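Descriptive analysis of the structure
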Amino acid sequence: RWLRIERLDHAALGVRDLQVSKRWLSAVLDMEPFRADDPHFADDDLAMVRNGAACVALLRLPGGEAPLEGSRSQKGHLAFRVSNEEFETFRRSLPALLERHRVTPEQKVDVEEQDYDVQRSLFFHDPDGNELEVTTWDSEPSEESEASAFLRSALLLDVRTAGEFR
């Protein structure tokens, strides 16, 4: 392998109004401003928000330009992974959150729930019509490096009883 990606750094969303989108993402997905005082990451056309390791770059659309339209098969969407417990809590609260933080009467507030047997997802839209997803996996095999596997094996060989460990 010549390149090992650590994680997705950020995803970008085209929005009409940075302030409206920041407030909405804060209220619905508990996103916080990120590097708001850094001119490289915040100006009239760009704002960064995050929740944990999930970062989103909000890019102001040029006047008269509409956000992308279409379904998941025609365009992308942003997906945020949460734990099973967080998913259940969010699933119960999402419809009321979307209704309470509706920006315009035309804004979609419906939630599409999908169960893929090993993954469950909630799909919904931001004030600009961008599709967002909150998802959880029932289980996921952990990716263990060779070094980590060796260390785990070595520790199992060296520590035979709890008393020996102390």
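Now for a quick tour of the structure. The structure presented is a predicted model; accordingly, all values stated were derived computationally and were not measured. (Residues numbered from 1 in each chain as written. Predicted model: local features only at pLDDT ≥ 70, side-chain atom pairs only at ≥ 80, totals over all residues. Heavy atoms only, no water.)

A closer look at helix H1 (residues 18-29)
An ideal rise of 1.5 Å per residue puts 16 Å on twelve residues; H1 measures up with 16 Å between its terminal C-alpha atoms. Those residues of H1 not exposed but buried are Leu-18, Ser-21, Trp-24, Leu-25, Val-28 and Leu-29. Down the axis of H1, the buried side of the element spans an arc of 130°, and every buried residue falls inside it. The N-cap of H1, judged by a side-chain oxygen 2.9 Å from the amide nitrogen of Gln-19 a few residues on, is Asp-17. A positive phi of about 55° marks Asp-30, the residue just after H1. (Helix = DSSP H or I, 4+ residues; strand = E, 2+ residues; numbered from the N terminus. Expected span 1.5 Å × (residues − 1). Buried < 20%, exposed > 50% of the residue type's maximum accessible area, 1.4 Å probe, protein only. Arc of directions from axis to C-beta. Polar contact = N/O pair within 3.5 Å; in protein donor to acceptor, adjacent residues only side chain to side chain.)

A closer look at a nonpolar patch on the surface
A surface patch of nonpolar side chains, amounting to about 450 Å² of accessible area, comprises Trp-2, Leu-3 and Ile-5. Position of Ile-5 among the secondary structure elements: in the segment before strand S1 (11-15). (Patch = residues over 30% accessible without salt bridge, like charges linked within 9 Å, V, L, I, M, F, W, Y side chains within 5 Å. Areas by Shrake-Rupley, 256 points an atom, 1.4 Å probe, with all protein chains shown as cover. Salt bridge = Lys/Arg side-chain N within 4 Å of Asp/Glu carboxyl O.)

Quick look at helix H2 (residues 84-100)
For H2, with 17 residues, the first-to-last C-alpha span of 24 Å sits near the 24 Å given by 1.5 Å per residue. The largest bend in H2 comes to about 45°, at Ser-93, with the proline Pro-95 one to four residues further on. Among the residues of H2, those classed as buried are Phe-87, Phe-90, Leu-94, Leu-97 and Leu-98. Looking at the packing, one finds that the buried side of H2 touches H1, strand S7 (119-125) and strand S8 (131-137). (Bend = angle between axes of the 7 residues up to and from the residue. Contact = heavy atoms within 4.5 Å.)

A closer look at the side chain of Arg-120
When you line up the elements, Arg-120 lands in strand S7. Owing to a relative accessible area of 19%, Arg-120 belongs among the buried residues under this scheme. Here Glu-88 takes part through its side chain, which lies 2.4 Å from a polar atom of the side chain of Arg-120.

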